[in-house]
Amino acid sequence: MSSIRPELLSPAGSLRAMRYAFAYGADAVYGGVPRYSLRVRNNSFDQAGLVAGIAEAHAAGKRFYLAVNILAHGRKLKHVIADLEPILASRPDALIMADPGLMLLVRERWPEQPIHLSVQANTTNAAAVRFWAAQGVTRVILSRELSLDEVEEIRDACPDTELEVFVHGALCIAYSGRCLLSGYFNHRDANQGACTNACRWDYRVAGITPVPAHDGDSLGCDPSAPVQRHAAADEVYLLEEGARPGAYMPVFEDEAGTYILNSRDLRAVEHVVRLVAIGVDALKIEGRTKSHYYVARTARVYRAAIDEARAGAPFRPALLTDLEGLANRGYTDGFYRRHAPNALQNYEDGSSSPQRQIFVGEVIRYVEGWADIRVKNAFALGDELELLMPDAQRRFRLSAMRDATTGAELRRAPGDGWVVRIELPCRASPMALLSRLLAPPETVPECALSEPNQSDA
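Residues numbered from 1 in each chain as written. Predicted model: local features only at pLDDT ≥ 70, side-chain atom pairs only at ≥ 80, totals over all residues. Heavy atoms only, no water.

**Some thoughts on the side chain of His-292**
- With respect to the secondary-structure elements, His-292 resides in helix α10 (residues 292-310).
- With residues near it in sequence (within four places) discarded, His-292 still touches Arg-16, Ala-17, Tyr-20, Phe-359, Glu-362 and Leu-433. (Helix = DSSP H or I, 4+ residues; strand = E, 2+ residues; numbered from the N terminus. Contact = heavy atoms within 4.5 Å.)

Written out as structure tokens, the structure reads:
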């Protein structure tokens, strides 16, 4: 077993998400400068928020990494140093970067600033890691497209460079950031932080229409003759690759559409034991646009997986079930093991959906067996709920609920905007969250108290 204690790195798209990440077990978070990071469209951080976040993280003994990971066009070089100046004065623990030009400008102005190489650089081999280390990069975030064996080979070949890998979150249909669909359809460049996730749209096969006259010559047909829809257009088509005769991949659609480009979400918690043994320095969760509930639950699960792996315990399958409580597009462990192609793809829908649980509220006050809940989604008397806390989780059936203001008895909390008071079976610790179970629990009995997270000193 490696002596390295991997850093658990969580996404922070806001100060609130950062606080929940730390409360639920993260060692560090990463947030982005809106103009220069890959989440420009859904980023609540501004300059002041980043400065405050860095200061708050350091006061808590935690780390804050700053994403400046676009591949910049020339026009963005003019103001980058001035825009970064007040944020870097707060001394973020590292900048996450992919563009060599931006790295050069940062190095010239702040030669001592640590730089981590972004996954956008698509680093897939040990020679590339050595190259970037020679440029002064202190940590390389490896490509998502590597297997566990390849990660181990790089670790063995580059023992003096910190390595980071993704273990949870959305996957790209291309090497990270290289997909052109968003730029082609919407003129929003994925590598400028404006990706519209066009790979997950609902595509439908349109009927064949007459060919425009100006296209006729290029198609080798009479431009005046309309092209008729052939009966075969309604059939299901199969793709067969030349070297694999008899191995067919269907191309079809149903009433929901066609999602042949849509990747499942990464969930690699079952590989944490191996990654810890390999000696990876940081395990990263994707999701700066996700809710604080997502950040809290993923941090808690992966914190437990890391600590249990370091203690020599075998993988606990219940952790897989805990992650089913999050909205997802179906899960895959990505490229860590080699799969048949359809194991990576979701051919049913392009949106996230809750599998076992849905986030319904957050505890804002607890007094003598009752908790005030800021409601996020509807729940009602008789529902099976889960109280998620940094050090425990409890499942129970809701038996009493009141209006938090008037005290009137309620049967249902309709949804966002309500504050209700519910009876709890145990004390709610600060930053507790509430979810409603959508399926019967398989591994945790009603009102069972989980073991607290154990962190190394």
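What follows continues from the structure just given.
**Some details on the packing of helix α3 (residues 80-88) against helix α4 (residues 100-109)**
- Contact geometry for α3 and α4: axes closest at 11 Å, N-to-C directions at 55°. In this view, α3 runs oblique relative to α4, as classed from their interaxial angle. Considering only the axes of α3 and α4, their crossing is right-handed. Here α3 contributes Val-80, Ile-81, Leu-84 and Glu-85 to the contact with α4, which in turn contributes Leu-102, Leu-105, Val-106 and Arg-109.
- By residue class, the composition of the contact of α3 with α4 is six nonpolar, no polar and two charged. (Axes fitted to C-alpha atoms, helices over the stretch in contact; angles between N-to-C directions. Parallel < 35°, antiparallel > 145°, perpendicular 65-115°, else oblique. Left-handed = near helix turned anticlockwise from the far one by under 90°. Nonpolar A, V, L, I, M, F, W, Y, C, P; charged D, E, K, R; others polar.)

**Brief notes about helix α6 (residues 148-157)**
- Along α6, the residues classified as buried are Leu-148, Val-151, Ile-154 and Arg-155. For α6, the angular spread of the buried residues around the axis is 125°, confining them to a single face. Of the exposed residues in α6, those oriented more than 90 degrees away from the buried face are Glu-153 and Asp-156.
- Looking at the buried positions of α6, the neighbouring elements they touch are α5 (126-134), β7 (162-169) and α9 (272-278). (Buried < 20%, exposed > 50% of the residue type's maximum accessible area, 1.4 Å probe, protein only. Arc of directions from axis to C-beta.)

**Details of unusual backbone geometry**
- Residues other than glycine seldom take positive phi values, yet Asn-122 does so here, at roughly 55°.
- Here Asn-122 lies in the loop between β5 (115-117) and α5.
- Of note, Glu-368 is a non-glycine position whose phi angle comes to about 50°, a positive value.
- Within the secondary structure, Glu-368 sits in the loop between β15 (357-367) and β16 (370-375).

**Concerning the environment of Cys-158**
- Following the sequence through the fold, Cys-158 ends up in the loop between α6 and β7.
- Setting aside residues no more than four positions away along its own chain, Cys-158 makes contact with Ala-126, Val-129 and Arg-130.

**Regarding the pattern of salt bridges**
- Enumeration according to the criterion identifies 23 salt bridges in this entry.
- Across the pair Arg-19 and Glu-56 runs a salt bridge, and its minimum N-O distance is 2.7 Å. With a gap of 37 residues between them, Arg-19 in helix α1 (residues 15-23) and Glu-56 in helix α2 (residues 47-59) connect regions that are remote in the sequence.
- A network of salt bridges, in which partner residues are shared, links Glu-7, Arg-63, Arg-139, Glu-162, Glu-164 and Lys-284. (Salt bridge = Lys/Arg side-chain N within 4 Å of Asp/Glu carboxyl O.)

**So, the pairing of strand β18 (residues 384-389)**
- When you tally the buried positions in β18, you get six out of six residues, the bulk of the element.
- Of the two faces of β18, the one carrying Glu-384, Glu-386 and Leu-388 and the one carrying Leu-385, Leu-387 and Met-389 are both buried.
- Pairing of β18 with strand β19 (residues 392-397), which is carried by six bridges, proceeds in the antiparallel orientation. Note that in β19 the partner of Glu-384 across the bridge is Arg-397.
- Where β18 hands over to β19, the hairpin turn is made up of two residues, counted between the paired strands.
- Judged from the four bridges that link them, β18 and strand β23 (residues 433-437) form a sheet pairing that is antiparallel. Paired with Leu-388 across the bridge in β23 is Leu-433. (Pairing = 2+ DSSP bridges.)

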